[in-house]
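So you can see what is in the structure, the chains are spelled out below.
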Amino acid sequence: MRSVLQRIKSAVLTIPTARDWRDCLILLALYGVIYLPIGFSLGLLRFAPQTSWLTIIGVGLSAFVMPGLTEELVFRVLLIPHPKESCPTRTRQLWIGLSWVLFLLYHLHPFVPAFFRTPAFLTGAGLLGLLCTISYLRSGSFWTPVFLHWAIVITWLLVFGGLEQFRG
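All values reported here derive from a predicted model rather than from experimental measurement. (Residues numbered from 1 in each chain as written. Predicted model: local features only at pLDDT ≥ 70, side-chain atom pairs only at ≥ 80, totals over all residues. Heavy atoms only, no water.)

### A word on the packing of helix 4 (residues 89–106) against helix 5 (residues 119–139)
Here is step 1: Two elements in contact, helix 4 and helix 5, have axes separated by 10 Å at closest approach and are oriented at 145 degrees. Helix 5 is crossed by helix 4, and the crossing has right-handed handedness. In this structure, helix 4 contributes I96, W100, F103 and L104 to the contact, and helix 5 contributes L122, A125, G126, L128, G129, L130, T133 and L137.
Here is step 2: For the contact of helix 4 with helix 5, the per-class residue count stands at 9 nonpolar, 3 polar and no charged. (Axes fitted to C-alpha atoms, helices over the stretch in contact; angles between N-to-C directions. Helix = DSSP H or I, 4+ residues; strand = E, 2+ residues; numbered from the N terminus. Left-handed = near helix turned anticlockwise from the far one by under 90°. Contact = heavy atoms within 4.5 Å. Nonpolar A, V, L, I, M, F, W, Y, C, P; charged D, E, K, R; others polar.)

### A short note on the nonpolar core
Here is step 1: Core analysis: the largest hydrophobic core is formed by 31 residues, its most contacted members being Y31, Y35, L44, F121, L148 and W156.
Here is step 2: Not counting residues within four places of it along the chain, the set of residues in contact with Y31 comprises L36, G124, L127, L128, L131 and I152.
Here is step 3: A11, V77, I80 and Y136 belong to the second largest nonpolar core, which has 6 residues in total. (Core = buried A, V, L, I, M, F, W, Y, C linked by side-chain atoms within 4.5 Å. Buried < 20%, exposed > 50% of the residue type's maximum accessible area, 1.4 Å probe, protein only.)

### So, the packing of aromatic side chains
Here is step 1: Under the defined criterion, the tally for this structure stands at 15 aromatic pairs.
Here is step 2: For the pair F116 and F166, a centre-to-centre distance of 5.9 Å together with 80 degrees between the ring planes defines the contact as edge-to-face. With F116 in the loop between helix 4 and helix 5 and F166 in helix 7 (residues 162–167), this residue pair connects regions lying 50 residues apart in the sequence.
Here is step 3: By relative accessible area, F116 is classed as buried at 11%. (Phe/Tyr/Trp six-rings, centres within 6.5 Å; stacked < 30°, edge-to-face > 60°.)

### Things to note about a nonpolar patch on the surface
Here is step 1: Judged by side-chain polarity, W95, L98, W100, V101, L102, L105, L108, L130 and I134 come together as a nonpolar surface patch covering roughly 720 Å² of accessible area.
Here is step 2: Elements with a contribution of two residues or more to the nonpolar patch: helix 4 and helix 5.
Here is step 3: Ranked by residue count, the leading element in the nonpolar patch is helix 4, at 6 residues.
Here is step 4: The residue L108 is located in the loop between helix 4 and helix 5 in this model. (Patch = residues over 30% accessible without salt bridge, like charges linked within 9 Å, V, L, I, M, F, W, Y side chains within 5 Å. Areas by Shrake-Rupley, 256 points an atom, 1.4 Å probe, with all protein chains shown as cover. Salt bridge = Lys/Arg side-chain N within 4 Å of Asp/Glu carboxyl O.)

Set out below in structure tokens:
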């Protein structure tokens, strides 16, 4: 238990450097380059920007907490040894793989909307999990994967029709 608390402390208190934020933005752009064509071709994405400031602010704040903070705490910080932790490479790799599989399985639980179970959504979620893991491992900070996760989710919800899918 003590090592888990130390892991949380290390991840939360590690302040990302300018290089970490640059890398995070590169990963964000990489997500767009890879996933936008997939999402549009599989019908998950469509251009449908939200214009209500109340909606934009509400979605932005709520997405920061869930999935941003919550999922990154569970699937990156708690499950993957912190980059500064002494850990055999093979063990770290196993935790990374387990974290990614559990992240995908979490999006399949019985209480999620049906579109979460589509190949289009799971492909995006899988890529998101991979890039958030890379961001966490490179920066050692909780904050870069939180930002990455939040930015991708709010873009989907507010620009590419995600919010309408929850309402429909």
